Amino acid sequence: MKEYEVFVAGEWVDTTVGFSSIVDPATGNEVSKVPALTAKHVDAAVQAAQQALVESRWSTDAALRADVMLRWANQVASNVDTLAERLTLENGKLLGEAKFEIGHQVNVIRFNAGLARTVSGRSHSLGPDVMGVVVREPMGVVAVISPWNWPITLMVRDLAPALAAGNAVLCKPASQTAGVSVEFLKLLVECEGLPKGIVSMLTGSGRKVGQLMVEHPGIDMIAFTGDGSTGKQISRDAADTVKKIALELGGKSPFVLCADADMEKAIATLVRAIFTTTSGQICTAPSRLLVEASAMQDVCQRLSQAIAGLKIGSGLDPESQMGAITTRDQYEKVLSFIDRGKKEATLVAGGEPVEGVDHDVCNFIAPTIFTDVDPKSPLMQEEIFGPVLTVQPFETDEEAIKLANDTPFGLASAVFTQNLDRAWRLSRGIKAGTVWVNTYNRFYAETEVGGYKESGIGRMAGFEGLNEFTQTKHINFDSTV
Ligand code: NAP
């Protein structure tokens, strides 16, 4: 069990405030304790951030920002194993996935450190004696509010470009994974050159600390990743202070599998993306498989074989192939969808509790597959966020596109085919921020992500991700006499 302090307004906060506990979802044991902060801390962090932006060179000195970020990246590279273990303890994901999650941030931070030195504007000759200069400036004080499923990835995805653009950032990690988030941020706040107040950690419940941040008049932008209903609430709460918001929300992503695809690769990719990666708790999870009708039977058989015998257990056990559902609430939510599916649809695989574990404290759910689901049923329309897959047949590409777009979401998707024309046509037809062709869940620091429709507002990662944390100002020079 680890007890954490947090860094607010340039100081480590003493532990006299209340704590919230984090339990390991694979065992039910308490593993971390993190301060539950109050309005006083939010105010102090905002004030220190505003002061730091005025008094330090952070927002104007790109080379300083790049240097600090490169130092941070090196620190992360030296601490992957310790951080990964804490991540697995709090989240339940496999240790290998946790190591990948932490290690990948080195690349993302370095990419953004490089981008820091590219922030630039334009100039326009607007007449013989008139010049318009459009400069790109930071937003100011940015709140980054992140979820528990890929807690470090999703915090850094906003934090790194926000810092690179010259903002001060207040991080509010998800309560379930706050310990590993604090440990990760410690490597940043202790970096030489980072001005006091530019980064603070605001741990505590979303409904309290998170909402205070959203409503705070001293915060200029909210970068939120999480559930759609929370995102909608944040939009409403941020409206009174007319804040910029970037929302990365849920998904119900379609995986379009054509009969001519490399089936072995497709099935292995799908099983990884919807079942074994984070037990399906990933916003881009391909939870709806659309299969060309002629391949339906073969695909269902292959899928059932691929998941039979998968070892589900603690993420720290090297033999586990799939970990736990991270929170008890999420575990119960997934089981209620499965119960509904058993009544309304045909269960092809799974749907039963995992054997040999204490179901009162261990959150394990077997990979579950349904067919014959009503397309308008919540099973097909709502994000389940767990290892549950629905399978639907399609006859034509037009039908595949129609089914793919038949939800309120538009986060990600995949097309598996060996026919380039079909891949292009289907990719253009699907309304989603990402279409993977013959692959899935490939993320790069260079390429943007974001949602169509109710999956979000704005783009993260890549060049657009940096611009998201800036605003333009037109400075007009007129020497006309
Ligand atoms: P969540 O319940 O919306 O929580 C996300 C964050 O918001 C947490 O830090 C939470 O704090 C905080 N929060 C809760 N209510 C708040 C409020 N009223 N005001 C301000 N902050 C508030 O989401 P989650 O359950 O952690 O994450 C799962 C969801 O995230 C899924 O829907 C998934 O699809 C989505 N997601 C989207 C992406 C993407 O890139 N589009 C990526 C990953 C996940 P507490 O933890 O203290 O409640």
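The structure under discussion appears in the preceding block.
What counts as what
- Residues numbered from 1 in each chain as written.
- Predicted model: local features only at pLDDT ≥ 70, side-chain atom pairs only at ≥ 80, totals over all residues.
- Heavy atoms only, no water.
- Pairing = 2+ DSSP bridges.
- Helix = DSSP H or I, 4+ residues; strand = E, 2+ residues; numbered from the N terminus.
- Contact = heavy atoms within 4.5 Å.
- Axes fitted to C-alpha atoms, helices over the stretch in contact; angles between N-to-C directions.
- Buried < 20%, exposed > 50% of the residue type's maximum accessible area, 1.4 Å probe, protein only.
- Near = heavy atom within 4 Å.
- Polar contact = N/O pair within 3.5 Å; in protein donor to acceptor, adjacent residues only side chain to side chain.
- Areas by Shrake-Rupley, 256 points an atom, 1.4 Å probe, with all protein chains shown as cover.
- Nonpolar A, V, L, I, M, F, W, Y, C, P; charged D, E, K, R; others polar.
- Core = buried A, V, L, I, M, F, W, Y, C linked by side-chain atoms within 4.5 Å.
- Arc of directions from axis to C-beta.
- Parallel < 35°, antiparallel > 145°, perpendicular 65-115°, else oblique.
- Left-handed = near helix turned anticlockwise from the far one by under 90°.
- Expected span 1.5 Å × (residues − 1).

Trainee: I'm lost on the sheet that holds strand E12 (residues 244-248) in this one. Help?
Mentor: Spatially, the six strands line up as an open sheet ordered E10-E9-E8-E11-E12-E22, and their pairing is mixed. Both outer strands of the open sheet, strand E10 (199-201) and strand E22 (456-457), are each paired with one neighbouring strand and no more. Pairing of strand E8 (residues 141-145) with strand E9 (residues 168-172), which is carried by five bridges, proceeds in the parallel orientation. Bridge pairing in E9 links Val142 to Val169. In the packing of helix H1 (residues 39-55) onto the sheet, contacts are made with E8, E9 and E10, and the angle to E9 comes to roughly 155 degrees.

Trainee: Can you help me understand the pairing of strand E16 (residues 368-371) in this one?
Mentor: Moving residue by residue along a regular strand, the side chains alternate between the two faces of the sheet. Residue alternation in E16 divides its side chains into two sets, Thr368 and Phe370 and Ile369 and Thr371, and both sets are buried. Judged from the three bridges that link them, strand E15 (residues 346-349) and E16 form a sheet pairing that is antiparallel. Across the sheet, the residue bridging to Leu347 is Phe370, located in E16. With four bridges joining them, E16 and strand E17 (residues 388-394) adopt parallel strand pairing. Directly across from Phe370, in E17, lies its bridge partner Thr390.

Trainee: Is there a simple way to think about the site of the ligand in this case?
Mentor: In the region of the ligand, 30 residues are neighbours, and Arg157, Ser175, Thr230, Leu249 and Glu383 sit closest. Within the side chain of Thr230, one N or O atom sits 2.7 Å away from an oxygen atom of the ligand. The separation between a nitrogen atom of the ligand and a polar main-chain atom of Leu249 is 2.6 Å. When the ligand sits alone it has 910 Å² of accessible area, and the protein chains cover 89% of it. Per element, the largest residue contribution to the shell around the ligand is four residues, and it comes from helix H7 (residues 206-215). When the residues that make up the shell around the ligand are grouped by side-chain class, the tally is 13 nonpolar, 12 polar and five charged.

Trainee: Help me understand unusual backbone geometry in this model?
Mentor: Note: most residues except glycine have negative phi, and most peptide bonds are trans. Phi angles above zero are rare outside glycine, and Ala9 is one such case at about 55 degrees. Relative to the elements of secondary structure, Ala9 occurs in the loop between strand E2 (7-8) and strand E3 (11-12).

Trainee: Sorry if this is basic, but what is going on with the nonpolar core here?
Mentor: Within soluble globular proteins, side chains that are nonpolar generally end up buried alongside one another. Counting 91 residues, the largest nonpolar core has Trp72, Leu163 and Phe184 as the members making the most contacts within it. A per-element tally of this core places helix H4 (residues 95-116) first, with nine residues. Excluding its chain neighbours within four sequence positions, the residues that come into contact with Trp72 are Ile109, Leu159, Leu163, Phe184, Leu187, Leu188 and Cys191. Residues Met263, Ile369, Leu389 and Ala414 belong to the second largest nonpolar core, which totals 41 residues.

Trainee: Help me out: how do you make sense of helix H13 (residues 397-404) in this one?
Mentor: Note on helix geometry: an α-helix contains 3.6 residues per turn, so any two residues three or four positions apart are oriented the same way. Among all positions in H13, only Asp397, Ala400, Ile401, Leu403 and Ala404 are buried. Along the axis of H13, the buried residues cluster in a sector spanning 165 degrees; they form a single face. Exposed and facing more than 90 degrees away from the buried side of H13 are Glu398 and Lys402. Where the residues of H13 are buried, they touch strand E13 (254-257), strand E14 (288-292), E17 and helix H14 (420-429).

Trainee: Is there a simple way to explain the packing of H13 against H14 in this structure?
Mentor: Angle between the axes and distance between the axes: these two values describe a pair of packed helices. The interhelical angle for the contact between H13 and H14, taken along N-to-C directions, is 30 degrees, at an axis separation of 9 Å. Judged on the interaxial angle alone, H14 and H13 are roughly parallel. Relative to H14, H13 is oriented so that their crossing is right-handed. Facing H13, whose interface residues are Asp397, Ala400 and Ile401, H14 presents Arg422, Arg425, Leu426 and Gly429. Its residues assigned to classes, the contact of H13 with H14 shows three nonpolar, one polar and three charged.

Trainee: For this particular structure, what's the right way to read H1?
Mentor: When the terminal C-alpha atoms of H1 are compared, their 24 Å separation across 17 residues agrees well with the 24 Å that a helix rising 1.5 Å per residue should span. When H1 is considered as a whole, its buried residues turn out to be His41, Val42, Ala45, Val46, Ala48, Ala49, Ala52 and Leu53. Around the axis of H1, the buried residues are gathered within 165 degrees of arc, so they sit on the same side. Opposite its buried face, H1 presents the exposed residues Lys40, Gln47, Val54 and Glu55, each directed more than 90 degrees away.

Trainee: Where do I start with the side chain of Glu383 in this structure?
Mentor: With respect to the helices and strands, Glu383 occurs in the loop between helix H12 (378-381) and E17. Among the polar contacts listed, one links the side chain of Glu383 to the backbone nitrogen of Gly251, at a separation of 3.1 Å. In this structure Glu383 touches Asp227, Gly250, Gly251, Lys252, Cys283, Lys333, Phe337 and Phe409, once residues within four positions along its chain are discounted.

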